[in-house]
Structures are given as C-alpha cells and as structure tokens.
Amino acid sequence: QVQLVESGGGLVQPGGSLRLSCAVSGSDFSIYVMGWYRQAPGKQRESVASISTIGTTNYPNSVKGRFTISRDNAKNTVYLQMNSLKPEDAAVYYCNAQRGWKTYWGQGTQVTVSS
C-alpha cells in the first residue's frame with residue numbers, strides 16, 4: 001500500500017515562503033510521477049506542479065516562477081518550495097503519486113496566506 005504524508009503547511013504572510021514535503025512509503029518512489037495539487041473552498045482541485053521520473057517539471061502560469069517542485073529519490077520525498085505567496089495561494093495542498101492508471105493521494109496540508 002502506497003502512503004503519502006504531507007507536511008510543512010501553515011500560516012504565512014503575503015510575500016512569504018513555505019516549503020511543503022511529501023514522504024512516500026510502500027513502493028518504489030522513483031517510478032512515480034509526483035505532483036502537488038491544491039483545493040480552495042468552493043473550487044476544484046488544481047495542479048500546481050509536477051515532476052517526472054527523470055526530473056522534468058511542469059507548472060501552470062499561476063505559480064510559474066514562484067513555486068519549485070523537486071524530488072529526492074534517496075529520501076522518497078517530493079518537495080514544493082513556494083515563494084512570493086499570495087492570498088489566492090491559500091488552499092489545502094495535496095501530494096499525488098501517479099504511474100499509469102494508478103494514482104495515490106496524501107491527506108493534504110493547509111496553507112493559509114494572510115496578514
């Protein structure tokens with residue numbers, strides 16, 4: 001059973017930074033495409049970053065240049081560095097692992113951006 005556990009969320013002021021972590025257990029981490037998604041109240045879940053098995057990254061325009069996804073295959077962990085945070089970045093952030101038709105989710109971590 002693949003398990004994903006996020007950490008690192010919290011309250012930050014606009015313009016601040018946070019780093020989210022997602023630890024993966026129960027499978028070979030290196031074979032999964034990893035991603036971060038977020039869901040704000042009343043909105044659909046959306047992708048904010050993804051990283052392939054060979055390290056290729058992808059971001060939507062809304063976070064490009066501010067968010068950076070990275071993975072450490074030795075630690076079975078994926079990270080999301082979030083800089084220049086805006087109030088509209090506030091959401092529950094979810095980690096995702098995907099390989100073919102198999103997809104796994106973490107429980108989510110809350111990010112609040114407020115002064």
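As a reminder, the structure under discussion sits directly above these lines.
Computed from a predicted structure; not experimentally measured. Residue numbers restart at each chain and count upward from 1, following the sequence in its written direction. It should be noted that, the model being predicted, local features are given only for residues of pLDDT at least 70 and side-chain atom pairs only at 80 or more, the latter also being counted only at that level, while totals for whole chains, interfaces and linings use all residues. The side-chain figures draw on all heavy atoms in the structure; neither hydrogens nor water molecules are used.

**Some details on the packing of aromatic side chains**
Note on aromatic pairs: the rings of Phe, Tyr and Trp (six-membered ring only in Trp) are paired at centre separations within 6.5 Å, and the planes decide the class, stacked below 30 degrees, edge-to-face beyond 60, tilted for the rest. Enumeration according to the criterion identifies 3 aromatic pairs in this entry. Considering the side-chain rings of Y32 and Y104, the 6.0 Å spacing of their centres and the 80 degrees angle between planes classify their relative orientation as edge-to-face. Linking Y32 in the loop between β3 (18–25) and β4 (33–39) with Y104 in strand β10 (residues 102–105), this pair joins segments that are 72 residues apart in sequence. Between Y37 and W105, the aromatic rings sit 4.9 Å apart at their centres with planes inclined by 70 degrees, giving edge-to-face as the arrangement. With Y37 in strand β4 and W105 in strand β10, the pair connects residues that are 68 residues apart, well separated along the chain. Only DSSP runs of H or I covering at least 4 residues are called helices, and only runs of E covering at least 2 are called strands; the numbering of each starts at the N terminus.

**Notes on the pattern of salt bridges**
Salt bridges are defined by distance alone: a side-chain nitrogen of Lys or Arg within 4 Å of a carboxyl oxygen of Asp or Glu. With the rule as written, the count across this model stands at 3 salt bridges. Residue E46 pairs with R38 through a salt bridge whose shortest N-O separation is 2.7 Å. Of the residues examined, E46 reaches a relative accessible area of 36% and is grouped as partly exposed. Beyond isolated ion pairs, a larger network of salt bridges with shared partners links R38, E46, R66 and D89. The rule is simple: take the accessible area with a 1.4 Å probe, protein chains only, and divide by the maximum for that residue type; under 20% is buried, over 50% is exposed, in between is partly exposed.

**Description of the environment of S62**
As for its placement among the helices and strands, S62 is situated in the loop between β6 (57–58) and β7 (67–72). Taking the C-alpha atoms as reference, S62 lies 9.2 Å from D89; in sequence the two are 27 residues apart.

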